[in-house]
Every structure is written in C-alpha cells, then in structure tokens.
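Descriptive analysis of the structure
Letter by letter, the chains look like this.
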Amino acid sequence: MKRSSFSFIILSFVLILLSCVSNNGKIINEELKPNNLVFEAKQITEFKSGKTLTYKYYCPKTEKDKKKTYPLVVMAGNFFDDYLIDELTKKINGKKENVSYILLENTDPNSLIAVINDFRSMNYPITDDMIYLIVNNTNTKFIPKIKLNYEALFANIIILDITKIEESIDKLLAIRRGIIYNAVLKSQNILSSDEDSKLAVDGKSDTIWTDSKKTLEIVFGFDKIMKISRYRIDSMQPMGAIKFEVFIGNKWQTADNYTNNTTNVIDRCVPTIEADKVRLVFTNKELAIKEIEIFAEYKITEKYKVSEFNYKGVKLPYRLFIPQTLKQHTNIPLVVFLHGSGQRGSDNRQTLGVTKAEGALIWAYPENQKNYPCVVLVPQIDKNQLWRDKDVMDAFFKLVEDLQKTYPNIDKDRIYGTGLSIGAEGLANMSIVKPDFFAAMLLVAGGPNNPVGGGPAVEETVVPNVAKFANIPMWEMQAFDDNIRNIKLTTKMINAYRDLGFNPKFTVYLPGETHKAATNAHSSWLLAYKDNRIFSWLFKQNKNNRLAPFPQAVSRIPQLTDEDILKLAEPGKNYVDFDKVFK
C-alpha cells in the first residue's frame, strides 16, 4: 500500500476517534499500532489556556521488573503519519531495547509540557535523563523557548530530516542528559513546623505524612541558590489542587498551580526557577503523602566551563572553574575533585549534582574564593572505568599538564586532590605513581582499593604502598558505619601510615550521623565538605613542605565498636578526630 493511502486511512481513523473522545482524562482508544506498538490516546485540558489536548502514547509493559525505566521519545508536530511513525519506532527500538513514546500534533510549548506532565503523573517508568524530542523543520520556532525555560527537561532535541532518518536517530540518541538529583532527600532542608513532615522526605514509601497539624503546606530551604526544574509527589490518594511556590524578592510566587489532579502521583516539570526556598500548598485536608521530591541543581554550576580532553583513546569530559580574579594571581592553587562511582558517564553534568558533588562546588562560592582563591577541575570517567586504571591516570596527569600550559599562573606546588569513594581511591593510587604530584589530599569515604557495585575482590595496591606517598599531608574523613567501604579497611591504611611514624588526620563520623543527611552511611561527604576546618588546613599545604615522620611508630588505632566511638565523642560534635584521640 502506498504511503498516501496509509495517511488517508490514519486521518479518517483519527477523525472517528475524536468524535467519541470523553473529557475525563482517561484512555480513549487502543487502535494505533505502528511497528506492532499499541498506542493509546488520552484527552486532557491544558491549564493555562483551557484548551483541550489529545495525545497518543505507548509505554512498555513493566510487570516483570517494576523498577526498570525506559527512555521517552516525544514526537511533536502534524507531520507524523503511520508510515513515518513506523519507520521511526523501528529505528529507535533497534538502538534501544524498550522505549516509551508520546505523539502530539500541537507544538506549542505549554501544550507540550502539559502532555509530558500528564504522562509522568500516570507513573510510567521513565528514565529521566533520557527524554528526547523530535520535531519537523516547519515547527522549530518554539525550540529556543523550550531550551530556555525547560533547559533540564530534554536530553536532546532534533529537527527530523525524513531523507536521513537513520542519521537523525543516531544524532538524537547520542546524548544522555545526566541525572538531576532530588534536593530535599532527608529532613535537613525542611522549614515546616510540622515535625512529622520529615516522613515525606525520608526516602521510604511506606512512611506516610498525614499533616496532623493541618498546616496544609510544607516548606524547604536550601543553603545556596538552586535551579529547580521538577517536583514529584507520591500519595496514598488524589491530593486535590496544589500550588508549587518559590520565594523570590522577599515574597512567595506561584511557579505551578495544579488544579485538575485526580491521580495519586503528581510529577511535573516547571520552568527553571532560581530560588533558595520552595513551598507546596495543599487544599486537601486529608493528606496521606508517601514521598516528596524536588529536583534541582546548584546555580553555581553555571560558573563551571564544559570541556573534554582526549589522550590515547581515553576521553575525559571535565568541568573547569576559573575565578574572575585569576589574572590578579601569579600563583594560584588548583583543586581537583574526583567523583564517585555513581557519577561515571560522559554527560559532564551529574559530576556537579546535588548530594553528590559538594566537594566540587564549595571552593567556587564567593565567600570561599575571597579567602581561598583557586582554580577547580572536575573530570569525569566513563561508566566502565576507574580512577586507578593506568590509562585513566595517564590521561588525568596529561590533562593537568595541559591546563598548566593554558593557565601558567596555576601553582604547580599547590595542586590539591580531593575525592569521594572511588575518587579517594584514585587519588591514593595516583600518589603511588606520582608521589610528587599533589601538595595535599583530602580523601572522603575511601582510599584503599575496594570492589565497585558488588563486583569481585580486587588487588589491594594502596595499603602495601603507603610508604611511597606517606609524606604527603592527608586528611581522611569517613562514617564509622559506612556500608559500602568498610571503616576497617580505611583504618588499615591509616595504621600503615602510623607504622611508618606518620599520623595523618582521620575524622570519623559517629554511627547514624550520615543517615541524617542521606539514605546510606557511605555518603559522609555531605558532612565532610561542610566542615570549615578543611579550608585552612588544605590551603596552607605546599609541595615544598613535605611531612617528616616521628622517630618511632605511632600507636595503632584499635578496632572499635559503636559503643566505643560514642564514648570518645565530645558533646555537641558528630565526629571524632582519631588522629588526636589515638596519639
């Protein structure tokens, strides 16, 4: 059958479909079947304009693995006939095993966002950093507005060239946006007076916030300006009308007003907003909320330039912060931050993510630059790499060498390394290879080699080689109850220092303290990088002032129980400095 015949049949069918559409926002047909994918149709009312929208969608079945998520491809425009949809879905599914789809004739930005928000609120499992948009070359005027107002929504947007479908799809799927993290996990950001509201952000769907005081609101505050792009509420029942507000210019302003809510889940993208406080205002007095999530990034990330370095087949995407005062300094330190295993990839974004990369960002804030000016380098490795891989280390050293040529006022004697988990492990291994490279190391939640993601045992290279870098000033910070990298292994590394007559700084957070800020005890970086002591210690170090060992070995740190370390803690402190307690 010819393509024109297909188009006529589909057009006729759509006209029949629209004649029997209902207004309740439910599925209204299951007949469109390109590439054997059953597309269902739904009708909604767009809030701002009040107009009725009809869109079609498909999502893979999830019974076998409810935790699995799928990329979402949105096709917007009136040029998608059955033949073209069939071609596109074949090409896309040939490259991605399972993909969700949305088909929408209207390309108005408000309509597009309304449809995506509605689809998300049906709680379909979307891979948030893999949402793609396809439009045709006659519907491109709205793209700049979408990119400006919803910069964090789409991983990629393409204008389809129907003569080059294969190339268009390759281009579309070549980019993965990078994860934007929930910024209100755990209760430290809650400003609400309702004590039980912490149940809405504890990371557990089986604990319910019922708003016992009937405040009908929950307020979150951040210590820095955030760029907020999405919020999600999971409830036991429909929540009624909701306002999402931000605090700007000393007053609350409505960012999203959702009145047509009939579902248990609200998952809505909002135009990117810059604020340090947000508020959710409810109308339903019988709230039963499982969890609230607000997805945001630190505004300071805008100051980090995006680039990529290639060396002998190894690609290192990286972010670089250059202070405005750079030219005023003849010698300025370089701080290098190495991320953890969860931020591996090639997106060059999640390395600066909330709750993951505070150790990359704290140095750039104006109040810290004023007293401790520095350049900051944040490289990223691929998901199959480790910082201790030889080719990765070679590429890293070459990257820094090239940066020193580009910025000759970087002080070669004050290169400071900090990192968390596999990043801390990488710094230790780099110091074995080049013990004269770092002026100091701030290691968080790691150091010795450790299996990653439940992998097989690995050869330990750090502890047996401590003597090669023991004279580099080093500060280790870790939770006593770390559930990913056992404190016993880190203590073994510290004791190797002590056997040689060195007493490196070793701060250990009390059991349960990291859980107050994170879902697991491994995330001690959320505490470590808030410790203001690290600035004065780190920036006074110089490669020309290496440490000298004591004449005799320093006493070893014994194996301790939870009760032991709690007895060592000083009142009002959530940590113990083992280097001071065990001399």
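These figures come from a predicted structure and were not determined experimentally.

A few words now on the packing of helix α2 (residues 82-95) against helix α5 (residues 165-173). Two elements in contact, α2 and α5, have axes separated by 10 Å at closest approach and are oriented at 50°. By the angle between their axes, α2 is oblique relative to α5. Handedness of the α2/α5 crossing: right-handed. Where α2 approaches α5, its residues Leu-84, Glu-87, Leu-88, Lys-91, Ile-92 and Lys-95 are matched on the opposing element by Ile-165, Glu-166, Ile-169, Asp-170 and Leu-173. Residues that form the contact of α2 with α5 fall into these classes: six nonpolar, no polar and five charged.

Across the sheet, nine strands lie side by side as β13-β14-β16-β15-β17-β18-β19-β20-β21; this open sheet has mixed pairing. The open sheet has two edge strands, β13 (304-311) and β21 (575-577), and neither has a second partner. Along the sheet, successive strands turn relative to each other by an average axial angle of 20°, direction set aside. Of the strand pairs in this sheet, strand β15 (residues 332-338) and strand β17 (residues 410-420) are connected by six bridges, and their pairing is parallel.

Below, the discussion takes up the sheet that holds strand β8 (residues 217-235). In space, the five strands of this open sheet follow the order β10-β9-β11-β8-β12, with antiparallel pairing throughout. Looking at which strands have only one partner, the edges of the open sheet turn out to be β10 (251-258) and β12 (289-298). The sheet shows a mean angle of 20° between the axes of neighbouring strands, direction not considered. Of the strand pairs in this sheet, strand β9 (residues 242-248) and β10 are connected by seven bridges, and their pairing is antiparallel. Of the residues in β10, the one forming a bridge with Glu-245 is Thr-254. In this fold helix α3 (residues 109-121) packs onto β8 and β11 (265-282), with an angle of close to 120° to the strand it touches most, β11.

Here we take up the pattern of salt bridges. Throughout the structure, instances matching the rule amount to 37 salt bridges. Here Glu-245 ties to Arg-279 by a salt bridge, and the two come within 2.6 Å at their closest N and O atoms. Of the two residues, Glu-245 is situated in strand β9 and Arg-279 in strand β11; the sequence distance between them amounts to 34 residues. The network of salt bridges with shared partners includes Arg-120, Asp-128, Arg-177, Arg-230, Arg-232, Asp-267 and Glu-293.

Judged by how many residues are buried, strand β18 (residues 440-444) sits mostly within the fold: five of five residues are covered. Strand direction decides the pairing type here: β17 and β18, joined by five bridges, are parallel. In the strand pairing of β18, Thr-418 is matched with Leu-442. This β-α-β element, β17 to helix α9 (residues 422-433) to β18, shows right-handed connectivity. As paired elements, β18 and strand β19 (residues 474-479) share four bridges and run parallel to each other. Paired with Leu-443 across the strands is Glu-476, a residue of β19.

The next thing to look at is the confidence of the model for the protein. As a general rule, the predicted coordinates of low-pLDDT regions are not to be interpreted in detail. The predicted model of the protein has a mean per-residue pLDDT of 89, with 93% of residues at 70 or higher. Note that pLDDT drops below 50 for residues 1-31; the model gives that stretch 40 contacts with residues more than four away or on any other chain.

With that settled, the discussion passes to the environment of Ile-228. In this fold, Ile-228 is placed in strand β8. Sequence-distant contacts of Ile-228, defined by excluding residues within four places in its chain, comprise Phe-244, Val-270, Pro-271, Thr-272, Ile-273, Ala-275, Val-278, Ile-294, Phe-295 and Ala-296.

The next thing to look at is the nonpolar core. In terms of nonpolar packing, the biggest core is built from 72 residues, with Phe-220, Ile-233, Ile-292 and Trp-363 touching the most fellow members. Among all residues touching Trp-363, those that are not within four sequence positions of it are Val-335, Asn-368, Gln-369, Cys-374, Val-376, Thr-418, Leu-442, Tyr-529, Ile-534, Phe-535, Leu-538 and Phe-539. If you look at the next biggest cluster of nonpolar residues, it comprises 59 residues, including Val-375, Val-400, Ile-494 and Phe-506.

As a further point, take the packing of aromatic side chains. Geometry of an aromatic ring pair is reported as the spacing of the ring centres plus the angle between the planes. In the structure shown here, the tally under the stated rule is 28 aromatic pairs. Taken together, a centroid distance of 5.1 Å and an interplanar angle of 35° make the contact between Tyr-372 and Phe-539 tilted. With Tyr-372 in the loop between α7 (366-371) and β16 (375-379) and Phe-539 in helix α12 (residues 533-539), this pair connects stretches of sequence that are 167 residues apart. Arranged with centres 5.4 Å apart and planes meeting at 75°, the rings of Tyr-416 and Phe-539 form a pair that is edge-to-face. On the criterion of sequence distance, the pair formed by Tyr-416 in strand β17 and Phe-539 in helix α12 is long-range, its members being 123 residues apart. Here Tyr-416 and Phe-539 have matching classes, each one buried. Put simply, the rings of Trp-363, Tyr-372, Tyr-416, Phe-535 and Phe-539 touch in pairs and so form one group of aromatic residues.

A few words on the packing of helix α8 (residues 390-406) against α9. Close contact between α8 and α9 brings their axes to 11 Å; oriented N to C, the two are set at 80°. With respect to their mutual orientation, α8 and α9 come out roughly perpendicular. Within the contact between the two elements, α8 uses Met-393, Phe-396 and Phe-397 and α9 uses Asn-429, Met-430 and Val-433. A class-by-class count of the residues in the contact of α8 with α9 yields five nonpolar, one polar and no charged.

The rules behind the values
- Residues numbered from 1 in each chain as written.
- Predicted model: local features only at pLDDT ≥ 70, side-chain atom pairs only at ≥ 80, totals over all residues.
- Heavy atoms only, no water.
- Axes fitted to C-alpha atoms, helices over the stretch in contact; angles between N-to-C directions.
- Helix = DSSP H or I, 4+ residues; strand = E, 2+ residues; numbered from the N terminus.
- Parallel < 35°, antiparallel > 145°, perpendicular 65-115°, else oblique.
- Left-handed = near helix turned anticlockwise from the far one by under 90°.
- Contact = heavy atoms within 4.5 Å.
- Nonpolar A, V, L, I, M, F, W, Y, C, P; charged D, E, K, R; others polar.
- Pairing = 2+ DSSP bridges.
- Salt bridge = Lys/Arg side-chain N within 4 Å of Asp/Glu carboxyl O.
- Buried < 20%, exposed > 50% of the residue type's maximum accessible area, 1.4 Å probe, protein only.
- Right-handed = clockwise from strand over helix to strand, strands pointing away.
- pLDDT = per-residue confidence, 0-100.
- Core = buried A, V, L, I, M, F, W, Y, C linked by side-chain atoms within 4.5 Å.
- Phe/Tyr/Trp six-rings, centres within 6.5 Å; stacked < 30°, edge-to-face > 60°.

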